[in-house]
4 protein chains.
Amino acid sequence: MGFERVYHDPLHGAIALNSNDPTEALLIKLIDTPAFQRLRRIRQLGPASLTFHGAEGSRFTHSIGVMAVARRAFDRIGQDYPQLLPHRPVVLCAAMLHDIGHGPFSHTAEEIFGCDHEHWSRRILSESAPIRQLLDQFSPTLLHQIEQVYLKKYPLPIVWQLVSSQLDCDRLDYLMRDSYFTGASYGKIDLDRILMALRYDLVSQQLVVAQKGIAAIEHYLVVRYFMYAQVYNHHKNIAATWVLSKIFERAKHQFQTGTLVADENVNAWLGNEAPSLEQYLATDDGVFVYHLQRWQHQDDPVLSDLCRRFLDRDLLKALDVTPLDERDRATLLEKACHWLSQAGLDPSYYTGLRVAVSRGYTLYHKGINIQTTKGLQEINELSPLVQTLSQPTQRVWLIYPREIESQLIHS
Amino acid sequence: MGFERVYHDPLHGAIALNSNDPTEALLIKLIDTPAFQRLRRIRQLGPASLTFHGAEGSRFTHSIGVMAVARRAFDRIGQDYPQLLPHRPVVLCAAMLHDIGHGPFSHTAEEIFGCDHEHWSRRILSESAPIRQLLDQFSPTLLHQIEQVYLKKYPLPIVWQLVSSQLDCDRLDYLMRDSYFTGASYGKIDLDRILMALRYDLVSQQLVVAQKGIAAIEHYLVVRYFMYAQVYNHHKNIAATWVLSKIFERAKHQFQTGTLVADENVNAWLGNEAPSLEQYLATDDGVFVYHLQRWQHQDDPVLSDLCRRFLDRDLLKALDVTPLDERDRATLLEKACHWLSQAGLDPSYYTGLRVAVSRGYTLYHKGINIQTTKGLQEINELSPLVQTLSQPTQRVWLIYPREIESQLIHS
Amino acid sequence: MGFERVYHDPLHGAIALNSNDPTEALLIKLIDTPAFQRLRRIRQLGPASLTFHGAEGSRFTHSIGVMAVARRAFDRIGQDYPQLLPHRPVVLCAAMLHDIGHGPFSHTAEEIFGCDHEHWSRRILSESAPIRQLLDQFSPTLLHQIEQVYLKKYPLPIVWQLVSSQLDCDRLDYLMRDSYFTGASYGKIDLDRILMALRYDLVSQQLVVAQKGIAAIEHYLVVRYFMYAQVYNHHKNIAATWVLSKIFERAKHQFQTGTLVADENVNAWLGNEAPSLEQYLATDDGVFVYHLQRWQHQDDPVLSDLCRRFLDRDLLKALDVTPLDERDRATLLEKACHWLSQAGLDPSYYTGLRVAVSRGYTLYHKGINIQTTKGLQEINELSPLVQTLSQPTQRVWLIYPREIESQLIHS
Amino acid sequence: MGFERVYHDPLHGAIALNSNDPTEALLIKLIDTPAFQRLRRIRQLGPASLTFHGAEGSRFTHSIGVMAVARRAFDRIGQDYPQLLPHRPVVLCAAMLHDIGHGPFSHTAEEIFGCDHEHWSRRILSESAPIRQLLDQFSPTLLHQIEQVYLKKYPLPIVWQLVSSQLDCDRLDYLMRDSYFTGASYGKIDLDRILMALRYDLVSQQLVVAQKGIAAIEHYLVVRYFMYAQVYNHHKNIAATWVLSKIFERAKHQFQTGTLVADENVNAWLGNEAPSLEQYLATDDGVFVYHLQRWQHQDDPVLSDLCRRFLDRDLLKALDVTPLDERDRATLLEKACHWLSQAGLDPSYYTGLRVAVSRGYTLYHKGINIQTTKGLQEINELSPLVQTLSQPTQRVWLIYPREIESQLIHS
């Protein structure tokens, strides 16, 4: 006699896993591993909640959501193409585990420490005993199949496309979730219409979209563009991310001069060698925040000041200098350096230009194909809106502290 | 001691009118007039509920919503610009009454009968005693002011722009409402962000938008574009509207040959002279539908068949022939005429080309101005997305009955 | 190659019917019959939109919703009990067609004209050719099975209980829908939790509820109680229903004295014999409203005044006299009669006592059974809240026109 | 020239604070203090996210919400009673700051460490310089007034009742928020209707409720009852809270035997004296969780095992023994102790009875008064539902680890 595990989600309603279904029984056990539970302690959007206070959800919550979307998408397509059904375990596992390699403050930390969450995902799946055993018990090939999905090499393209492509379940969940919790109500994508338009193309074995779904897909891409422009690249979020990066940079520097106090797990990140798997799994947002709290009271004035700014949300400013040409930006940056030195603040931590490239739709690894009377067509050949979104747009911000604002602007 | 009249709205929550506020007391009394109550019997989207079954709401409901949006928008701007406050009554009345001149199956009937709801709005306000008296009692100039708003001649542009412009409260309400009830969840515009970005430009005295609101406005225009493409111009809705038009056309023809049975109010629409005000107010969707039900049983086979098709939702087909060139369309139309004659159906009622021009953003009467560091700028100068939407797109459908489908397609 | 028919619903999202599934193909065809399409012209809540302006939805919309809920409920239970699957067609058809017998202003008209929508449902299913043929083509026993469901005699109790019981899909849909569109947000029941708690009891073959669902069920019963108290029995709705009843009563009276003008279908309702099936199907809310519009201009002052009041929403008042004892109510009623006579208004149409009995939970036809460790138990044995709701509560209103309000209250 | 600070909230929409309004300018500055920012690092529901994964929101988010609800409630009442307006600053500040004294894992830690968040709130307001200075600058009496509110001694009862009573803005926000994020959709209270029914009683100077709001209030109390029964006292949450309590208990014990490694702030909690204000403010959920992570690797098997269980969500079981009598419970507990000793686990940490008393509505400090024609009446005199809810209900759970489950149940 089986049981049902239910996750009640504000976005997807009740997500029920049935232990009588072998795949879902596996998912339940994977959720219960320490490595997966650790995702409860890593926020989905890193420091973004400093700007959008509702963005407090974890990668645990998001991962459950991705699995739920993948299941809806797959089970719908699978009704019409029963030949796909044997791939259900790999789709659902790969979808749910796709973020398991994320470290603390994922993308920010990745950049500074040169670690790569996809690398760690693969290591955790193959080396973390509780997960590895579950996968192997289910099937001796499952681990290999999941790895192929992450490498976009799974023989059936639709399988990896559901997990990692321009129109994958990861993006569908995070756009819904992030727009919802940041209060960007224009971000409500039409998940029903998108899922109902997904198709399996027998010839190319790809995930494609029925023509009637084109508007829902265009809208999804428009929302993605807005979310990058308004949320992920919000000037306050740019500033918060800057401060965090500089904290890690400074901590690394202090560690190497031997003047930093940190526990052995955090030390493992700061040194020149990669942390061990155990050390990696022992760190999360909370561990790093704890160290920021300690470092507030360290002797180094740069590190302690930056930590205080982050914790008390007394952030730097980010001025959008995109309209300026390179020379004017350089002049402004020089001025900022000058006034910072006057104020006794180290310019290499307190100012700089930050560049972000937004693209609503990019063409890497093949894009989104629409079924038309003329065969499959790339959406950007069909939609002037998507063509517009495909133009890369670059934005540049000048970072500086409020202390030099009046000099910077009025001099 | 005053009282509060509350309208609970699925979109706007509780809309409370306070009788202690003279303007709101006037609104309550205007709502209670027979001419305004009549809007309960006219659907917001005419025959669209045959395609989107949830689109059953009336212009009454929409009109209350427009007033609610206008009040939120005006009261917010009025906080910062108290000099605008004397214009509150005209804004709220003009917003709430903007649809009062709509006749049965508004736009469809307007086209066939050559009546114009704006003309009738002005007549109703000035000639329908209960409304005229309420307006005059409130202020001897109010009626004139409302008329100026509708003519876009009110001396302060912001006043008419809130009621009738590219970014007016009418559109804000109907896009929210129509997308909601047609189940197009991508249509959720970010009303909060839009309202928070509205500004009053002291120099031009216009309604303008703060720079930070640009994404919310872009999204609103994108949604408008989608709603035209997917809902208002949905092929089934095009077909339903065609059948309705042809019913009116045929009824007019039968009336003029003296073979139609209708009541005196409907007769007044079918003749060559305009109906009297009383006759106009005595007709609504229900009166016309009732006649369709009667005409089902009339001798004229065209009229009775078309009425039956509309009532039983056994509609014609609308084939999107936009990709074809003019010549191919003409050939197809000719073929349709041929097969219809063979089938004993009059081609002038059962086939034809229907053209619709969609524009997400048009520039008439000035558009949407954004406050930038360089002064006011048209949104389409700032936004590549809006530029794309500003391109007019034309779509063409061939209408025909399912009876000739196989001949049409396979011959 | 099949197709998919999709109904986008504000409450249930996309409701897709797949033509490859024989049952769903039948549902599509049933929806397309004239008798089912007629439900578009009958409002779910009759005159309630005069009080709650959003309550403009039709029984068509509700019927699609009931089918959608029934499908979710049945398909969930059917996963665990495949022996139930052969009953899927009867459950879905019975659920979707349960309202097909409703006439214009259903419950109000039923009372006055002594017709019974369940009687008409059975007649329509068996005598209306398009429906009857579809059912018979599907299976020669389907019609009989559906009738058994409506009579609560289907051999497997769970089948009729899903369609018509204390916890049926009809109620689940209408409570969600009515609370939503009347803006009573406390009416949001937890459909996910309710559906997830439904079980099939193998011994009694009944629909029962798992213990963990008890709070969701209690809440559903509380909401039902509130909806009766606050919406269905709202004093303005009581008054609107009164006016409508009195219009029909008066029209019947005038018809029998030969002084009423009406078309033959409406005449068939007003006479002493039941209308024919064709006449019944030819009437709907719109036909009756049209007659009210005509009767406004009839000579009979009672009928014309009541019709005007209904159409212009110039309703009577309903004073809650529940706290008064019988004698005080009688005195008040006498007073009302006196002042009405003085004012030249016929007391038998303009005043009276209206009684409504609300019960949040009643025990007829067996109630809601919970699976406990001690076996099945009635919910009201387990829940003090439900016990409280099970007490019948009677409310009484005095109806009178505003014209005599001051005399009535101050004399 | 002022600016606007906006918090976009999934529940309340855009919450805008206008710097031109002196009270709102003060709120902005209070939010920006380190002590208030610290609330971002304390979860609203402590360990409940282990049971309801969406419950990840912080007390920061909740506090902004309480302020938003208080502002809506106060500004509405203030329209009718301008004499209340001078109390606006104290209402909004007291509402927003009401949780500022919460420590890590608030209620759980309070119990073990004997600290009281209300005591700490008062200390933080009066002793934490940034907050104290802001309050004093605004008005020399503001701090004292806020303290009076928290002590329910503010001379005008409505002022403290809005902040802390049976129907305060704290509860309104947390019920909405908790039900939303735990996915208990029956928890949607009707905030609009509740706020619209709030009144100021001139005689008693109390917050009271208009009669028409009685159903919305009854529903709110029903929801409160459900949230206690289903969420706060969910058996998994009871178990998680137990584990956490036992961790603190054990850590305290180890600290006192000198065998625990912790930082000085955490040490300050574990000793016999209260932490200093600085130490109190330096601790939050993250600091404690970090210590749990460290203690996992300590020598003490009890502490390390309990920490691991909490972090990996490998919790104890909580069996509802409410239906058993005291003797049977004692027998069961004895059995559990026996089998635990056999298994080498210390019974005083791994088993026990946990008692919770739920009351949907309690009468302390006066309750909720309804305006009736007979004067003010307590809601539980008017509502049989509330009477039922007012009955205290006690529930009892037996805690034990899964390791002894089979022995416990089958022996």
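So, how was this worked out
- Residues numbered from 1 in each chain as written.
- Chains lettered and ligands numbered in written order.
- Predicted model: local features only at pLDDT ≥ 70, side-chain atom pairs only at ≥ 80, totals over all residues.
- Heavy atoms only, no water.
- Helix = DSSP H or I, 4+ residues; strand = E, 2+ residues; numbered from the N terminus.
- Rg over C-alpha atoms; globule rule 2.2 N^0.38 Å.
- Buried < 20%, exposed > 50% of the residue type's maximum accessible area, 1.4 Å probe, protein only.
- Areas by Shrake-Rupley, 256 points an atom, 1.4 Å probe, with all protein chains shown as cover.
- Contact = heavy atoms within 4.5 Å.
- Buried area = accessible area lost by both parts, 1.4 Å probe.
- Salt bridge = Lys/Arg side-chain N within 4 Å of Asp/Glu carboxyl O.
- Polar contact = N/O pair within 3.5 Å; in protein donor to acceptor, adjacent residues only side chain to side chain.
- Nonpolar A, V, L, I, M, F, W, Y, C, P; charged D, E, K, R; others polar.
- Least-squares fit on C-alpha atoms with pLDDT ≥ 70 in both.
- Phe/Tyr/Trp six-rings, centres within 6.5 Å; stacked < 30°, edge-to-face > 60°.
- Lys NZ or Arg CZ within 6 Å of the ring centre and 35° of its normal.
- Arc of directions from axis to C-beta.
- Expected span 1.5 Å × (residues − 1).
- Pairing = 2+ DSSP bridges.
- Axes fitted to C-alpha atoms, helices over the stretch in contact; angles between N-to-C directions.
- Parallel < 35°, antiparallel > 145°, perpendicular 65-115°, else oblique.
- Left-handed = near helix turned anticlockwise from the far one by under 90°.
- UniProt positions renumbered as here; feature names shortened; annotations may be inferred.
- pLDDT = per-residue confidence, 0-100.

Okay, the overall build of chain A next. Regarding its fold elements, chain A presents 22 helices and nine strands. For 411 residues, the compact-globule estimate of 2.2 N^0.38 gives 22 Å, and the C-alpha radius of gyration of chain A, at 23 Å, lies within 12% of that figure. In terms of overall dimensions, chain A has C-alpha extents of about 70 × 50 × 35 Å along its principal axes. Counting every position in chain A, which comprises 411 residues, the buried fraction comes to 64%. Of the roughly 15300 Å² of accessible surface on chain A, 51% is carried by carbon and sulfur atoms.

So, about the interface of chain C and chain B. If you look at the interface, chain C gives 37 residues, while chain B gives 37 residues. With both chains or domains summed, chain C and chain B bury close to 3200 Å², and 46% of this area falls on carbon and sulfur atoms. At the junction of chain C and chain B, the tally comes to four salt bridges. The residue Asp263 of chain B makes a salt bridge to Arg294 of chain C at a minimum N-O spacing of 3.2 Å. The interface formed by chain C and chain B includes 19 residue pairs in polar contact (both at pLDDT 80 or more). It is helix α16 (residues 285-295) of chain C that contributes the most residues to the side of chain C that touches chain B, six residues altogether. Residue composition of the side of chain C that touches chain B, grouped by class: 13 nonpolar, 12 polar and 12 charged.

It takes a turn of 180° to lay chain D on chain A, together with a shift of 0.0 Å along the axis; the resulting RMSD is 0.0 Å. The operation mapping one copy onto its partner corresponds to a two-fold rotation axis. The position closest to the rotation axis in chain D is occupied by the C-alpha of Gly286 of chain D, lying 2.7 Å away. A share of 100% of the interface residues of chain D reappears at the interface of chain A, consistent with the copies meeting face to face through the same patch.

This brings us to the packing of aromatic side chains. For the structure shown, the criterion picks out 74 aromatic pairs over all chains. A centroid spacing of 5.6 Å and a plane angle of 80° characterise the contact between Trp269 of chain D and Phe288 of chain D, whose relative ring orientation is edge-to-face. Separated by 19 residues along the polypeptide, Trp269 of chain D in helix α14 (residues 264-270) and Phe288 of chain D in helix α16 (residues 285-295) bring together distant segments of the chain. You'll find Trp269 of chain D and Phe288 of chain D in the same group, each marked buried. Linked through ring pairs, Phe105, Phe113, Trp120, Phe248, Trp269, Tyr280, Phe288 and Phe310 of chain A together constitute an aromatic cluster. Directly above the aromatic system of Trp242 of chain B lies the positively charged group of Lys246 of chain B, at a separation of 4.8 Å from the ring centroid.

All names here are of chain D. Of all the positions in helix α7 (residues 129-138), only Ile131, Leu134 and Leu135 are classed as buried. Projected down its long axis, α7 shows its buried positions confined to an angular sector of 95°, all on one face. Structurally, α7 contributes buried residues whose contacts are with α1 (22-31), α2 (34-37), α6 (117-127) and α8 (142-150).

Before going further, it helps to spend a moment on the interface of chain D and chain A. With 37 residues of chain D at the contact, the number on the chain A side is 37 residues. Both sides together, the interface formed by chain D and chain A hides about 3200 Å², and carbon and sulfur atoms give 46% of it. Along the contact surface separating chain D from chain A lie four salt bridges. Taken together, the links from chain D to chain A amount to 19 residue pairs in polar contact (both at pLDDT 80 or more). When residues of the side of chain D that touches chain A are traced back to their parent elements, those giving at least two are β1 (4-9), α2, α3 (59-80), α10 (169-181), α14 and α16 of chain D. When residues in the side of chain D that touches chain A are grouped by element, the largest group, six residues, is from α16 of chain D. Among the residues forming the side of chain D that touches chain A, the class breakdown is 13 nonpolar, 12 polar and 12 charged.

Right, let's get into helix α10 (residues 169-181) of chain A. Residue and element names in this part refer to chain A. Helix length check: α10 (13 residues) gives 18 Å between terminal C-alpha atoms against 18 Å at 1.5 Å per residue, within 8%. Most of α10 is tucked away: 12 of the 13 residues are buried. The set of residues buried in α10 consists of Cys169, Asp170, Arg171, Leu172, Asp173, Tyr174, Leu175, Met176, Arg177, Asp178, Ser179 and Phe181. Where α10 starts, the residue carrying a side-chain oxygen 3.2 Å from the main-chain nitrogen of Asp170 turns out to be Asp168. Just beyond α10, the residue with positive phi is Gly183, at close to 70°.

What follows covers the pairing of strand β7 (residues 369-372) of chain A. Two faces make up the sheet, and in a regular strand the side chains alternate between them. Sheet topology note: the strand β4 (residues 206-210) of chain A/β7 of chain A ladder contains two bridges and is parallel. From the neighbouring strand, Val209 of chain A faces β7 of chain A, where its bridge partner is Ile370 of chain A.

Our focus in this paragraph is the sheet that holds strand β4 (residues 206-210) of chain C. Residue and element names in this part refer to chain C. Judged by pairing direction, the sheet is mixed, and its four strands sit side by side in the order β3-β4-β7-β8 without closing on themselves. Of all strands in the sheet, those bounded by a partner on one side alone are β3 (198-201) and β8 (375-378). Direction aside, neighbouring strands of the sheet carry axes that sit 50° apart on average. One ladder, built from four bridges, connects β3 with β4; its direction is antiparallel. Bridge assignment links Asp201 to a residue of β4, and that residue is Gln206.

What follows deals with the pattern of salt bridges. Taken as a whole and assessed by the stated rule, the structure comprises 108 salt bridges over all chains. Glu249 of chain A serves as the salt-bridge partner of Lys246 of chain A, at 3.2 Å between the closest nitrogen and oxygen. With a gap of three residues between them, Lys246 of chain A and Glu249 of chain A both fall in helix α13 (residues 235-256), about one helical turn apart. Across the pair Glu403 of chain D and Arg309 of chain D runs a salt bridge whose closest N-O atoms are separated by 2.7 Å. Placement of the pair is Glu403 of chain D in the loop between β9 (393-400) and α22 (405-410) and Arg309 of chain D in helix α17 (residues 301-311), with a sequence separation of 94 residues. Judged by its relative accessible area of 44%, Glu403 of chain D falls in the partly exposed class. For Arg309 of chain D, a relative accessible area of 2% gives the class buried.

The next thing to look at is the packing of helix α13 (residues 235-256) of chain B against helix α17 (residues 301-311) of chain B. All names here are of chain B. The geometry of α13 relative to α17 is characterised by a closest axis approach of 9 Å and an angle of 150° between their N-to-C directions. In this view, α13 runs roughly antiparallel relative to α17, as classed from their interaxial angle. Judged by the sense of rotation from one axis to the other, the crossing of α13 with α17 is left-handed. Touching Ala240, Val243, Leu244, Lys246, Ile247, Arg250, Ala251 and Gln254 of α13 are Val302, Leu303, Leu306, Cys307 and Phe310, all from α17.

Rotating chain C by 180° and translating it 0.0 Å along the rotation axis places it on chain B, where the RMSD comes to 0.1 Å. With an isologous cut-off of 70% or more, the 100% of interface residues of chain C that recur at the interface of chain B puts this contact in the isologous class.

A separate point is unusual backbone geometry. Positive phi is not limited to glycine here, since Gln205 of chain A has a value of about 60°. If you check the backbone angles, Lys152 of chain C has positive phi at about 55° while not being a glycine. In this structure, Lys152 of chain C sits in the loop between α8 (142-150) and α9 (157-163).

This brings us to the UniProt feature "domain: HD" (unreviewed entry) in chain A. Sites flagged by UniProt as "domain: HD" (unreviewed entry) map to residues 59-175 of chain A. Annotation note: span residues 59-175 of chain A, helix share 72%, strand share 0%, distance between end C-alpha atoms 13 Å.

Attention now goes to the packing of helix α3 (residues 59-80) of chain C against helix α10 (residues 169-181) of chain C. Residue and element names in this part refer to chain C. At a closest axis distance of 8 Å, the pairing of α3 and α10 adopts a crossing angle of 125°. Here α3 lies oblique to α10, going by the angle between them. Here α3 runs over α10; the crossing is right-handed. Counting all contacts with α3, which are made through Thr61, His62, Gly65, Val66, Val69, Ala70 and Ala73, the residues of α10 involved are Cys169, Asp170, Leu172, Asp173, Tyr174 and Arg177. Here the contact of α3 with α10 is composed, by residue class, of seven nonpolar, three polar and three charged.

Confidence along chain A averages 94 in pLDDT terms, with 98% of residues attaining 70 or more. Predicted as a complex, the structure gets a pTM of 0.95 and an ipTM equal to 0.95.

Further remarks concern the sheet that holds strand β5 (residues 317-320) of chain D. Residues and elements named next belong to chain D. Spatially, the three strands line up as an open sheet ordered β5-β9-β6, and their pairing is antiparallel. Bordering the open sheet on either side are β5 and β6 (352-358), each of which pairs with just one other strand. Each strand of the sheet is rotated relative to its neighbour by a mean of 30°, with strand direction disregarded. Bridge count for β6 against β9 is seven bridges, and the pairing is antiparallel. Across the sheet, Ser358 pairs through a bridge with Thr393, a residue of β9.

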